[in-house]
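The primary structure of each chain is shown beneath.
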Amino acid sequence: MQHQLSLTIESNDSYDQIDNIDMSQFNENLLFQGKEQSKLLSDIHMASEKLSHSADHYINEIVEQTQGSMQYLFYFQRKQIIMIQSYYRMYSCKIKYQKRKKWARYRKCVIQELVDSEFTYLKYLELIIVKFYDPLQGILTETQSKLLFRNLKQIYLLNKQFLFEISERFSNFTQHTCFGKIFDKYVQFFKIYFEYTSGFSIEVVSLLRKEIPKLNDFITELEEADIFKGGNLESYLIKPVQRLPKYVLLIKDLIKHTWKSHPDYESLQVSVNKFIEVNSKIDILMDNVLKNQMLFELQKLFFDSINVSIVESTRRYVQSETINVLVSKQQKSVIVYICNDMIILTQRNQNALAKQHEKLYEYLYLNEKSYCKNKPETQYCKFLFTVSSQEQSITFICQDAEQKQKLLSLFESLINDIKMKYQKLEIYQENDIQPIQVFAKGTELRKSLLQSYTVYVMFITAGTQNLTLLTRYSSLIKLENMLRKQFPDISIPHLSKNQWASNKKTQLIEARKIIIENFLEAVLNSPLIKQNPEQVLKYLELPPSFYEAIASSPNKICIERESLRNTMKSSSFNTDDYSLSETLRFVRNTNTIRQTLHHKSLKVSNQTINIKIMFLDEYYIFLPISPELRVADLIEMAAGAIKLQSYDDFKFFLINDQEIRILDDDDCIPQIQLNKSNNESVFSKLTFLFKEREKTNTKLLLKKYLYLTPKQEKKDYQSDLVRLNLICHQAFDDIKNMKYKVTFSQYCIYSIYYLIIKYYENFRHIFTKQSLPINLVKQLIPDKVYKQEKEQTWISEIYIAIGIVKQEIEQILKQHDKNLQGIKKLEQQFQYITELLFMESLQQNPFYGLQYFNIEIPNTSKDILQRQFQCQLETYSILGVKYDRFIIIHNMEKKLEIFLNDIVNLSPFPFYFQFQIKQIKNEQFIFKTSNGLEIQKLQELYSNISNNL
């Protein structure tokens, strides 16, 4: 920085690890120092020798037993491979068998329910025929009897024969027993139900009782004898109307648990379609009758036992479906009964001794604050959506896209109807506090000394706030236990315990992302938590005024920002005429790159702490902060402290002993090296600027992150000395870490630039080869490169280049003397020109402005890319992300370039990301990496910039 250049600065190599992407440099960039490093290396060496000795001893024993025959060793290795393959096939078959065995048990339960319910149904029909139909033939006329009973006797005889065949087949049940042909045989005969349902009315009984006193006396006598067991004649006469929908539900459930290779699968598919066709006609005829009666049935079956009443004048039954729900990373098969303002889930009882075949699993009330969330398709989680209401959420797993679209549209329609109703009643208002929603953005793989673990990146939308939360699944289990102890009646989803053997599996992680969404929404929307939020907010590292900010009105600055956005949208914008900061500012006001406005509207806490922020020029500052602030606010404060004019392209890098992490603007401020202030207000002490004298295990480093075209970059750094100095030091660090392909002569020139910018006092006194500070030069040139030439060669070449560089700079100074009058000191002018020359040269390097990520390219993707683009790719490569393209690099050689405009549908997963290329249709490309989420964010950001400009 301008005011720091005259200071003598000691060498600091603690940043060598930043963005290290070359495994060959691992030993050079170990994060342990001194005794810790020596002890760690010694322990690893001893363990390695011990393991190697054990393995060698084991193999030697075998070889000795076979008289040292190498052929036997090869045979042994081949035998081991065959054994491993056999075990794998055996394991796969075992898993497949267990699944089919489970499904076979479930199929048996479904048929058992069909047989039992059919038997009960026939008993009801027999009761009507014996106790009513036959005795009433002398009381009722033929027309009256036809009106009341219709073709009930025919239905009874048909279902009696149907039950006989089903029961006979079921008596010899095995996992291969087929029922589809029986269903298919009888489905056409079930059309006799049309006659019964056509013109059926539940009011017929009451009308005839009024007209015929003898009939009324007869029915009254039987009612007093409790022949209906709490019901009435009407509830029995409607049984045939309700029966056909039950067949559809049972057959659907049977298909769902029948594997495609099963001999019954195709027959069941044919049968269910025919049943649906027959049932749909009855539904049209009996829509209102069925729906009104269904509520009473559900009340009796599931809710009377728990003293909950669901029968209300405004509630109506809509439909039922067999479907799966996601519960604690497992799928559960349920039957969902959908009402206009309620969802009821029941589960099939697989206990053969249970009297009731279904049991209540869960129920959820819909209200004006309910909402649906469409879940994106992933490799393992497909056709999912969630319905949320207050503390409860249900995630449905549909069979296919058609069922998902149908049910999602239905729930959205029901919720919109409820909102419209509240609006008409003037109960619901637009400024009512809306429920907090949580979205899983992705995952990050972190490393500790002993293991790696997954961190879930969650995005919280609450009123005008958009916050990013990083959490672990194990941390949320602890939170759940804490909440259940504190609030025994709290209604939140249960999180199952970790399974250490499989916690890296993509399938498990994808399921957990959805479970964590539902859990956090339930916690943050819980009325119990809202009344006592302090402990939860502190645990999740959310601002203390989180709930207060939700209820507050939008900030005035937001209105001004909207006005600015509209103004800039209406004006023409040519990117070539604007700087990097102006470009990013324009995009920020049309989309979202960095927003600090909503954080500033939060209530500031009186308790403040100091946080240490570092820079690559080996300086650091302390800033006083409050728990309310986010990373975006801290960047703005740091930029103000060091007088950095524009900062939209800068981000914080969190560096510790195990990882390097890029912080998002909405992240919480990391709690590292925090020092309590002495009752100082947040902004009373602006900054303290120090030379770095100590090394800490964890660093918060401010670095440039986004890069656009050289022309746009120049407009900013030419007019901002602080920016220019920062990016020069960052470039030196990148050169040290071999992120640029640099020639020998360029290393010599860059070494001179390095001495001028960082060590001007030493440079000014250099006149001979002997006085050249070669130890300072070594701080820039990578050891691997430096060893390729003799030290005397480096000294000679650098010494020759010094005169050329000085002459070039002095000539520029003379030519631009008037333009440099703002910089008073000659040495600062000298440094400024040097920095410009350095950046001018570096921007011509093809690797300038890249963010690097290690990737592994699977053979399938590699083969297609090689054929399409006529290139040669390596499995283990580096992906460089630039403002307009992806570059695949190996050994600092470009292998392939793909423009961002040609990349579509980029989706990150825990251990890879996949994408498509416009020119190559119907192909998914997979790159394995733990940085998929960061790559996606970078690609989206650059694409947004490109699309808006």
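Sequence order sets the numbering: in each chain, residues are counted from 1 along the sequence as written. Totals for whole chains, interfaces and linings use every residue, but because this is a predicted model, local features are given only for residues with pLDDT of at least 70 and side-chain atom pairs only at 80 or more, for both listing and counting. Remark: hydrogens and water are excluded; side-chain values derive from all non-hydrogen atoms of the structure.

A. Here's a closer look at the nonpolar core. If you look at the biggest cluster of nonpolar residues, it comprises 119 residues, and the most contacted ones within it are I613, L634, F652, F838, F886 and Y942. By the convention used here, residues are in contact when the closest approach between their heavy atoms is within 4.5 Å. The contact partners of Y942, leaving out residues within four places of it in the chain, are Y705, L706, Y707, L708, V881, K882, Y883 and L900. Grouped together as the second largest cluster of nonpolar side chains are 60 residues, Y186, I227, I238 and V278 included. Only buried residues count toward a nonpolar core. Its members are Ala, Val, Leu, Ile, Met, Phe, Trp, Tyr and Cys residues joined through side-chain atoms within 4.5 Å. Buried residues are those whose accessible area, probed at 1.4 Å on protein chains only, stays under 20% of the maximum for their type, while exposed residues exceed 50% and partly exposed ones sit between those limits.

B. Examining the sheet that holds strand β6 (residues 384–389) more closely. Strands are treated as partners if at least two bridges between them are detected by DSSP. A run of DSSP states H or I qualifies as a helix once it reaches four residues; a run of E qualifies as a strand once it reaches two. Both are numbered from the N-terminal end. Strands sit in the order β4-β3-β2-β1-β7-β6-β5 across an open sheet of 7 strands; the sheet is antiparallel. The sheet is open, and its two borders are formed by β4 (358–365) and β5 (371–374), each paired with just one other strand. Ignoring which end each strand starts from, the neighbouring axes of this sheet average 35 degrees apart. Pairing of strand β1 (residues 317–327) with strand β2 (residues 330–339) involves 10 bridges; the strand directions are antiparallel. Note on β2: the bridge partner recorded for Y317 is C339. Inter-axis angles, ranging from 0 to 180 degrees, are taken between N-to-C directions of lines fitted to C-alpha atoms, where helices are fitted over the stretch in contact. In this fold helix α10 (residues 239–256) packs onto β1, β2, β3 (342–348) and β4, with an angle of close to 20 degrees to the strand it touches most, β1.

C. Representation of helix α30 (residues 859–869) within the structure. Among the residues of α30, those classed as buried are S861, K862, I864, L865 and Q866. In this fold, the buried residues of α30 make contact with β21 (893–899), β23 (912–917) and β24 (920–928). One or two steps after α30, the chain reaches Q870, where phi turns positive at roughly 50 degrees.

D. Highlighting the environment of Q916. Along the chain, the position of Q916 falls in strand β23. Sequence separation between Q916 and I903 is 13 residues; the distance between their C-alpha atoms is 5.8 Å. Those residues in contact with Q916 that lie beyond four places of it in its chain are D902, I903, V904, N905, E923, Q924 and F925. Counting of polar contacts relies on pairs of N or O atoms within 3.5 Å, with two restrictions inside protein: one atom must be capable of donating a hydrogen and the other of accepting it, and residues adjacent in sequence are counted only when both atoms are side-chain atoms. At 2.5 Å, the side chain of Q916 and the side chain of N905 are in polar contact.

E. Representation of the packing of helix α23 (residues 721–736) against helix α24 (residues 744–758) in the model. The interhelical angle for the contact between α23 and α24, taken along N-to-C directions, is 135 degrees, at an axis separation of 11 Å. When the axes of α23 and α24 are compared, the pair comes out oblique. Relative to α24, α23 is oriented so that their crossing is left-handed. On α24, the residues that touch N725, C728, H729, F732 and I735 of α23 are Y747, Y750, Y753, Y754, I757 and K758. For classification, angles of less than 35 degrees are called roughly parallel, those exceeding 145 degrees roughly antiparallel, those between 65 and 115 degrees roughly perpendicular, and all remaining angles oblique. For any pair of crossing helices, the crossing counts as left-handed if the nearer helix is rotated counterclockwise from the farther one by less than a right angle, and right-handed if it is rotated clockwise.

F. Molecular detail of empty space enclosed by the protein. Cavities and pockets were defined on a 1 Å grid built over protein atoms only: a cavity is a set of grid points that admits a 1.4 Å probe from which the probe cannot escape, a pocket is an open set flanked by protein on both sides within 12 Å along at least five of seven lines, and lining residues are those with an atom within 4 Å of any such point. Grid points are joined across faces, edges and corners, and a volume is the space filled by probe spheres set on the points. If you walk through the whole model with that rule in mind, you get 7 cavities of 30 Å³ or more. Taken together, the elements giving at least two residues each to the lining of the largest cavity come down to β17 (699–704), α23 and β18 (851–856).

G. Molecular detail of unusual backbone geometry. Phi is positive for R150, close to 50 degrees, though the residue is something other than glycine. Mapped onto the elements of the fold, R150 is located in the loop between α3 (142–149) and α4 (152–171). Positioned with a positive phi, N307 is a non-glycine residue whose angle comes to about 55 degrees. Looking at the element boundaries, N307 is found in the loop between α11 (265–303) and β1.

H. Representation of the environment of I809 in the model. Assignment of secondary structure puts I809 in helix α28 (residues 791–815). For I809, a relative accessible area of 0% corresponds to the buried category. Sequence separation of I809 and L837 is 28 residues, and the distance between their C-alpha atoms is 8.7 Å. With sequence-adjacent residues up to four places away left out, I809 is seen in contact with I756, F830, I833, T834 and L837.

I. Summary view of the pattern of salt bridges. Salt bridge, as applied in this entry: a Lys or Arg side-chain nitrogen positioned within 4 Å of an Asp or Glu carboxyl oxygen. Counted under the stated rule, the structure contains 37 salt bridges. In this structure, K714 engages E840 in a salt bridge whose closest nitrogen and oxygen atoms are separated by 3.1 Å. Here E840 lies in helix α29 (residues 826–842) and K714 lies in helix α22 (residues 710–717), a separation of 126 residues in the sequence. We classify E840 as partly exposed; its relative accessible area is 34%. The residue K741 makes a salt bridge to E893 at a minimum N-O spacing of 2.6 Å. Separated by 152 residues along the polypeptide, K741 in the loop between α23 and α24 and E893 in strand β21 bring together distant segments of the chain. Owing to a relative accessible area of 36%, E893 belongs among the partly exposed residues under this scheme. One continuous salt-bridge network, built from bridges that share partners, spans E113, K246, D253, R348 and E358.

J. The packing of aromatic side chains, seen in detail. The criterion for an aromatic pair is that two Phe, Tyr or Trp rings (for Trp, the six-membered ring) have centres within 6.5 Å, with stacked assigned to planes under 30 degrees apart, edge-to-face to planes over 60 apart and tilted to the rest. Tallied over the full model, the rule gives 41 aromatic pairs. Measuring from centroid to centroid gives 6.3 Å for F183 and F275, while their planes differ by 85 degrees, and the two rings are edge-to-face. Here F275 lies in helix α11 and F183 lies in helix α5 (residues 180–187), a separation of 92 residues in the sequence. Take F183 and F275: they sit in the same class, and that class is buried. Aromatic pair Y747 and W794: ring centres 6.4 Å apart, planes at 75 degrees, arrangement edge-to-face. Of this pair, Y747 sits in helix α24 while W794 sits in helix α28, and the two are 47 residues apart along the sequence. With relative accessibility at 4%, the residue Y747 sits in the buried group. An aromatic cluster is defined as three or more aromatic residues linked by ring pairs; in this entry it consists of F162, F183, Y186, F189, F190, Y193, Y247 and F275.

K. Highlighting the pairing of strand β7 (residues 392–397). Extensive coverage of β7 is indicated by the burial of 5 of its 6 residues. As judged from the 2 bridges shared by β1 and β7, these two strands associate in the antiparallel manner. Pairing of V325 across the sheet is with F396, part of β7. Adjacent in sequence and paired antiparallel, β6 and β7 are bridged by 2 residues, among which Q390 carries a positive phi angle near 55 degrees.

L. Molecular detail of the environment of Q399. Locating Q399 in the fold gives a position in the loop between β7 and α12 (401–424). Classification of Q399 as partly exposed rests on a relative accessible area of 45%. The spatial distance from the C-alpha of Q399 to the C-alpha of I323 is 7.5 Å, given a sequence separation of 76 residues. The contacts of Q399, once residues within four sequence positions are left out, are K256, T322 and F383.

M. Highlighting the packing of α3 against helix α7 (residues 204–211). Relative to each other, α3 and α7 sit at 150 degrees, their axes nearing to 10 Å. In terms of orientation, α3 lies roughly antiparallel with respect to α7. As α3 packs across α7, the resulting crossing turns out to be left-handed. Every residue of α7 that contacts α3 at Q144, L147 and L148 is listed here: V204, V205 and L208. Under the scheme applied here, ten amino acids are nonpolar (Ala, Val, Leu, Ile, Met, Phe, Trp, Tyr, Cys and Pro), four are charged (Asp, Glu, Lys and Arg), and all others, including Gly, are polar. In terms of residue class, the contact of α3 with α7 is made up of 5 nonpolar, 1 polar and no charged.

N. Quick peek at the pairing of β3. For β3, the buried fraction is high: 7 of the 7 residues fall into the buried class. The two faces of β3 match: M342, I344, T346 and R348 on one face and I343, L345 and Q347 on the other face are all buried. In this structure, the hairpin formed by β2 and β3 is closed by a connection of 2 residues. Note: β3 against β4, 7 bridges, orientation antiparallel.

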